[in-house]
Amino acid sequence: MDAQIALLLSQDGITNGAIYALLALALVMVFAVTRIIFIPQGEFVSYGALTMAMFQTGLVPSTIWLLVILGIVVVLLDSLALIKTKQNQKLFKLLGINLAYPLVLAGLLYLLPVKDMGMLLQTLFTLAILVPMGPMLYRLAFQPVASASVLTLLIISVAVHVMMVGLGLIFFGAEGLRTEAFSDARFEWGMLSVNGQTLWVIASFFSLITALYLFFERTIYGKALRATALNRVGARLMGIPPALSGKLTFFLAALIGALSGILIAPITTIYYDTGFIIGLKGFVAAIIGGLVSYPLAAGGAILVGLIEAFSSFWASEYKEIIVFTLIIPVLLWRSLRSHSMEDEE
Amino acid sequence: MKPLLSSRMVLGVFIVLIAATPLVMSPFYITLLNYIGLAALVALGLVLLTGIGNLTSFGQAAFVGVGAYSTAFVTTSSSFAWLGNSPWAGFIIGLLITSAVALILGAITLKLSGHFLPLGTIAWGISLYYLFGTAEALGGHTGMTGIPPILVLGWVLDQGYEIYYLIWAFLLAAIINTKNLLDSREGRAIRALKGGRIMAEAMGVNTLYSRMAIFLFAALHASTSGWLYAHMQRFVNPTPFNIHNGIEYLFMAVIGGASSVWGAIVGSSLITILKQWLQDLLPKLFGQNGNFEVILFGLIMIIVLQRAQNGLWPLLAKLLPVQHELKTINPHAEPLAQRTLPTHGEVILEAKNVTRKFGGLIANNNMNLTVHAGEILALIGPNGAGKSTLFNQLSGVDTPSSGEVLFLGKPIGGLQSRTVAAMGMSRTFQHVKLLPTMTVLENVAIGAHQRGHKGVFSAAWRLERAEEERLLAEAARQIERVGLKELMHVEAGSLALGQQRILEIARALCSDPCLLLLDEPAAGLRHLEKQALADLLRRLKAQGMAILLVEHDMDFVMGLVDYVVVMEFGQKIAEGLPEAVQQNQAVLEAYLGGVE
Amino acid sequence: MSATPLLQVKDLSVSYGKIEALTKANLSVNQGQIVTVIGPNGAGKTTLLSAIMGLLPSQGEVTFDGTIEKVPEVERMVSRSLSLVPEKRELFSDMSVSDNLVLGAFQRYRNGQRDYKDTLEEIYSLFPRLKERQHQLAGTLSGGERQMLAVGRALMGKPKLLMLDEPSLGLAPLIVREIFRIITELKKRGVSILLIEQNARAALQVADYAYVLETGQVVMEGVAHELSDSPQIIETYLGLGGKHQAILTT
């Protein structure tokens, strides 16, 4: 291996690492606020990539119908209580978000020529379909058992994951797809050659991190989420409903997941079940941070990206094995550091 | 009223049904039953792990894979010709490899919170699947063929109905072993893992060992299932061992009912039959091939966990009126060895200048106290005075920032609570910690954990009945000693609070201690219950026990104890004989409030 | 009692599994009153507050501010201006003092009242100490400051009724005095208070009306200053036995 190849591999590693870092941050956030280990994070990645790809092939993505169906189920479950107690304002809000919005969006997608509207609008439409699914998913799968043990929540999380993979196969078929690059530009600095897509990924990474930082530090809703993560009873006493925190967190997680998918789709061919593997790499990173530390998780993600890039050069067949076996030394390290018996539930 | 069946009868009917099935069913159904049996073997391990031990694994399919590939390699590779390429050698080697992997995975995850094991098993499940697919020696994605059938006593099991008997014999043995294990000393420790780890550790249980034992147990069952599978199919490829099959096994256990061994059979039957049916139906519906049935399984799973967390078995069990068998106690069982109690007046526990700081907060400041054999010492003080913090130092749960605690002359700082328990100190909890669905007898028997030594294997094969008899007799003796004899076979959760506190004392006594630490034993008790408790403590004292109790209620303490230490703001403000302390102005201030 | 009470609790029962922690408790708090509930450890005092707040499932009826709640729910109770300062304070220890306070106004902010900055200044004027430490993390405060922060945070929600669970717990006498000064000050400002205290003498001194809780049941009630002289009270709650009454009254 010469320096040029090393640079190229590092660049690959960092690009993928940045995406794993976003996913890792989302996983840590979801776990801190809701205690849910969010396995379906990866499905939002593949849904994001493949919804975008369907736009580019001129099709209306079937994911919109999942949004419509989820919305209808939410309305069916929640409207009765609101009608009974005559909370009209809340009822209108419920119907607006879960019924009107998906239908209007579906109408727009059939009427507008999304294929020719440019990548930015396609990205926005992709997010418009997928991000609201986050809170709906929370409402349907997790809210009824929000106070259950971490283990139960994890099992539900896995159940949601297998459902989403199965549905993904119906929506997108078994073929893998790759989207157009956001930029075909290439920049040469001496030995270093950087392509435009890498810069897009890095720039998106930093803007998203900054936006999240501002949200958590400056807004009262952001503070409410942090408060929930720190002290659940305290948060409830402030009138911060666990359901609100949960939905808000899932909104952010879905946003991060779908956006990661859109960013990675021009680099890697994405199949309906690729997201799981990508999400799990985010997990390995999140575990490096013990599922609690954001900076350690982000650093771990870059490490995972680099190890993956270099092992694909040396032992490409064993790439995945190497990455997932990495979890063993990580857990060992965490285990040696832990002294007290962990809390029981 | 419906007639009650004994659980032996149920098992008997089950065995007859299994034996008779091949005589009446067509080969198609026999094959289906073979798959159900193989899956149930895996799900059974998950019942123990998830429903009872509060752990879980998504990587069981990978252990099935280890079992299958081990035997495939051993029976087909020329490098194992020296073992005669025997399936039984393959079985043993599979179990050995599985144990090694499970021990490594367990060692690095089980010390951490419960959710790290499942995450570790996901990663390991995926890695292993890729390894099966890439390793050339294992045939890559095409897999390995030419696996011979199993030979049992000269009988070649190469027909579906033949291996059927072997599969179900293994499953039956696994069910019986599991039930035996749960009904033993180690089994009580395992059942305490869900919601009682702190208590179990304080009673001398090594919960890390118990967690490791059930993980290993589950892995070995999965490996066995893989071995049977390989010799039934006569070829192996990586597909059945991927992570999604691992998830499906967990679904079987949870949907069937992870709290009972029968749940594993219900769940694996349901999922296997549904899968068979849906795999024909759904691809036609969607016009393409794929595992669409998982969508439905995922949905059932979510609904089960939201609506009926214990799965389907408890609902079915209601239809089957099985009689609950009471445990028999053999009063003539040889009593367990007892430690010699220290002589009256000997120093048992000594706190020397104990200071505990939390950040800038000083919770205990320079506390000193001494407990003697045959004496009751009360540590009293208003709420928030730092009594609980001191209690934690004294019981070895927490280590002082400076100063030390000596128990029988030895410092206990930094020791595990089970080590302290072994030294002869036993305790109760301020917020009662017992296992509500276990009987009073079983709860109390946990206290005697360290007085027995037989392990999980002897328990599974019932080789420890003599010791078990002695342990139960001891538990019964302690229950009688505290006056709960009538309630011995009642579920502990149905007792009144006062009785639950007494139960905790019986449990502590079961460990044969020379010092009892009682944390607010009278809190929340009614007047008569308090009197009963005081009488019991007096009797124990007369028998030579040293007792330290932390109390808030002065009335309870007076007239009962020999010596009182009063705390406020983390410091000792008074000590002495009860009558003297009662008159102390500082104590009255502390109790009544000093605001004018 | 003449006017409709602000809070009325009727036959409230709570059980943990098969153990009943609170049995058919009845009590009421009038507008502008300080009502105290005293009783020994484990009597069910904290359970009572938690049930009123909706933190625990309960049977019975809680009428607050004219509306009957069969099953109180925390968020709804908070938005209807009921605040609880729990025994454990439940602060957000890794957040700053000011962030803790701002979150106290979360429910009002969510309902469209965006004046939390003004409320914040009012709280700072009541607790100048908190203003000095506004950028410090809540976890670094001393015990007394933590209690002030917990009370201040609850007041950010502009409660009609403030429920305090053992506000003097574990605090040094000087600080306890300060806490009770604040309680009296709040009463002057028109806040109604339901106070749970182990410091009986202090509680009975500031309160208008008192209830005595024992093993989950209200065993006695009455005007606070009358109760504080009752020998029975001293025995029941203080657990000192009647013979010490002489010492107490001297």
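On a predicted model such as this, the values are computed, not experimentally measured, just so you know. (Residues numbered from 1 in each chain as written. Chains lettered and ligands numbered in written order. Predicted model: local features only at pLDDT ≥ 70, side-chain atom pairs only at ≥ 80, totals over all residues. Heavy atoms only, no water.)

Enquirer: Provide a residue-level description of the overall build of chain A, including the pertinent values.
Expert: Helices and strands together make up the secondary structure of chain A, namely 15 helices and two strands. Over its C-alpha atoms chain A spans a radius of gyration of 21 Å, differing by no more than 12% from the 20 Å that the globule rule assigns to 345 residues. Taking the principal axes of its C-alpha atoms as reference, chain A extends roughly 70 × 60 × 35 Å. Pairs at least 24 apart in sequence give 77% of the contacts found in chain A among residues at least 6 apart. A total of about 13800 Å² of accessible surface is found on chain A, and carbon and sulfur atoms cover 68% of it. Here chain A contributes 19 positively and 18 negatively charged side chains, and the mean placements of these two sets differ by 16 Å. (Helix = DSSP H or I, 4+ residues; strand = E, 2+ residues; numbered from the N terminus. Rg over C-alpha atoms; globule rule 2.2 N^0.38 Å. Contact = heavy atoms within 4.5 Å. Areas by Shrake-Rupley, 256 points an atom, 1.4 Å probe, with all protein chains shown as cover. Lys, Arg positive; Asp, Glu negative; His and termini not counted. Charge placed at Lys NZ, Arg CZ, Asp CG, Glu CD.)

Enquirer: Which residues make up the overall build of chain C, and what values do they have?
Expert: Counting its regular elements, chain C contains 12 helices and 10 strands. The C-alpha radius of gyration of chain C comes to 18 Å, within 12% of the 18 Å expected for a compact globule of 250 residues. By principal-axis analysis of the C-alpha atoms, chain C measures approximately 50 × 45 × 40 Å. Across the 250 residues in chain C, those meeting the buried criterion constitute 60%. Within chain C, contacts between residues at least 6 apart in sequence are counted, and of these 63% link residues at least 24 apart. Put simply, chain C shows about 10100 Å² of open surface, and 49% of that area lies on carbon and sulfur atoms. Across chain C, the centroid of the 27 positively charged side chains sits 3 Å from that of the 28 negatively charged ones. (Buried < 20%, exposed > 50% of the residue type's maximum accessible area, 1.4 Å probe, protein only.)

Enquirer: I'd like to hear about helix H9 (residues 207-233) of chain B, residue by residue, with values.
Expert: Residue and element names in this part refer to chain B. Taking 1.5 Å per residue, 27 residues should reach 39 Å; H9 reaches 39 Å between its end C-alpha atoms and fits that length. By the criterion of burial, H9 is predominantly enclosed, with 24 of the 27 residues buried. Where H9 begins, the capping side chain belongs to Asn206, and its oxygen is found 3.2 Å from the backbone nitrogen of Leu208. Downstream of H9 by a residue or two, Arg234 has a phi angle that is positive, lying close to 70 degrees. (Expected span 1.5 Å × (residues − 1). Polar contact = N/O pair within 3.5 Å; in protein donor to acceptor, adjacent residues only side chain to side chain.)

Enquirer: For the nonpolar core, give the residues involved together with the corresponding values.
Expert: Formed by 223 residues in total, the largest nonpolar core has its most connected members in Ile37(A), Phe142(A), Phe63(B) and Trp168(B). Ignoring anything within four residues of it in the chain, the contact list for Phe63(B) reads Thr98(B), Val101(B), Ala102(B), Leu105(B), Trp124(B), Phe215(B), Ala219(B), Ala222(B) and Ser223(B). Formed by 90 residues, the second largest nonpolar core is a distinct cluster that contains Val9(C), Ala25(C), Ile182(C) and Tyr211(C). (Core = buried A, V, L, I, M, F, W, Y, C linked by side-chain atoms within 4.5 Å.)

Enquirer: Explain the sheet that holds strand S3 (residues 347-358) of chain B to me, and be specific about the residues and the numbers.
Expert: Residues and elements named next belong to chain B. Here we have four strands laid out as an open sheet, ordered S4-S3-S6-S7, and antiparallel in their pairing. Across the chains shown, the open sheet's two edge strands, defined by having one partner strand only, are strand S4 (361-372) and strand S7 (410-411). Pairing analysis gives five bridges linking S3 to strand S6 (residues 402-407), with the strands arranged antiparallel. Bridged to Lys352 within S6 is Glu404. (Pairing = 2+ DSSP bridges.)

Enquirer: How would you explain unusual backbone geometry if you had to name every residue and give the values?
Expert: Phi at Arg35(A) is positive, roughly 70 degrees, even though this residue is not glycine. Note on placement: Arg35(A) falls in the loop between helix H1 (3-34) and helix H2 (41-56). The backbone of Asp11(C) shows a phi angle near 45 degrees, a positive value even though the residue is not glycine. Assignment of secondary structure puts Asp11(C) in strand S1 (residues 7-16).

Enquirer: Quick one: what's the story with the domain arrangement of chain C, residue by residue and with numbers?
Expert: All names here are of chain C. Domain annotation for chain C reports domain 1 (1-81 + 160-250) and domain 2 (91-158). Centre-to-centre separation of domain 1 and domain 2, based on C-alpha positions: 24 Å. Contacts between domain 1 and domain 2 engage 17 residues on the former and 12 residues on the latter. In this assembly, domain 1 packs against domain 2 so that about 1100 Å² is buried in total across both faces, 74% of it on carbon and sulfur atoms. The largest share of the area that domain 1 buries against domain 2 comes from Leu162, Ile182 and Arg189, three residues that together contribute 30% of it. On the surface where domain 1 and domain 2 come into contact, there are zero salt bridges. Taken together, domain 1 and domain 2 are joined by one residue pair in polar contact (both at pLDDT 80 or more). Of all the elements in the fold, those that place two or more residues in the side of domain 1 that touches domain 2 are helix H2 (74-79), strand S7 (161-165) and helix H8 (173-188). At six residues, the largest contribution of residues to the side of domain 1 that touches domain 2 is made by H8. Across the side of domain 1 that touches domain 2, the residue classes tally to nine nonpolar, two polar and six charged. (Domains from an automatic or database assignment. Buried area = accessible area lost by both parts, 1.4 Å probe. Salt bridge = Lys/Arg side-chain N within 4 Å of Asp/Glu carboxyl O. Nonpolar A, V, L, I, M, F, W, Y, C, P; charged D, E, K, R; others polar.)

Enquirer: Break down the sheet that holds strand S8 (residues 425-427) of chain B for me, with residues and values.
Expert: Residues and elements named next belong to chain B. Strand order in the open sheet formed by six strands is S8-S9-S10-S5-S11-S12, with mixed pairing between adjacent strands. Unpaired on one side and paired on the other, S8 and strand S12 (571-576) mark the two borders of the sheet. Put simply, the sheet's adjacent strands are angled 20 degrees from each other on average, direction ignored. Most of the contacts of helix H20 (residues 527-542) go to strand S10 (residues 546-551), to which it runs at about 150 degrees, and overall it touches strand S5 (376-380), strand S9 (515-519) and S10. (Axes fitted to C-alpha atoms, helices over the stretch in contact; angles between N-to-C directions.)

Enquirer: I'd like to hear about the interface of chain A and chain B, residue by residue, with values.
Expert: The partner chain B presents 52 residues to the 52 residues of chain A that form the contact. Carbon and sulfur atoms make up 77% of the surface buried where chain A meets chain B, a total of about 4300 Å² over both sides. Applying the counting criterion to the chain A and chain B interface returns zero salt bridges. For the side of chain A that touches chain B, the secondary-structure elements that each account for two or more residues are helix H6 (133-142), helix H7 (150-172), helix H12 (274-288), helix H14 (319-325) and helix H15 (327-337) of chain A. Broken down by element, the side of chain A that touches chain B gets its largest block of residues, 16 residues, from H7(A).

Enquirer: Give me the confidence of the model for chain A: which residues, what numbers.
Expert: Residues of chain A with pLDDT of at least 70 account for 97%, and the chain-wide mean is 90. Per-residue pLDDT stays below 50 along residues 341-345 of chain A; that stretch engages in 17 contacts with residues further than four places along the chain or on separate chains. (pLDDT = per-residue confidence, 0-100.)

Enquirer: How would you explain helix H13 (residues 294-314) of chain A if you had to name every residue and give the values?
Expert: Residue and element names in this part refer to chain A. The first and last C-alpha atoms of H13 sit 30 Å apart over 21 residues, in line with the 30 Å expected at 1.5 Å per residue. Restricting attention to buried positions, one finds in H13 the residues Ala297, Ala298, Gly300, Ala301, Val304, Gly305, Glu308, Ala309, Phe310 and Ser311. Buried residues belonging to H13 abut H1, H12 and H14. Residue Ser293 occupies the N-cap position of H13, its side-chain oxygen lying 3.2 Å from the main-chain nitrogen of Leu296.

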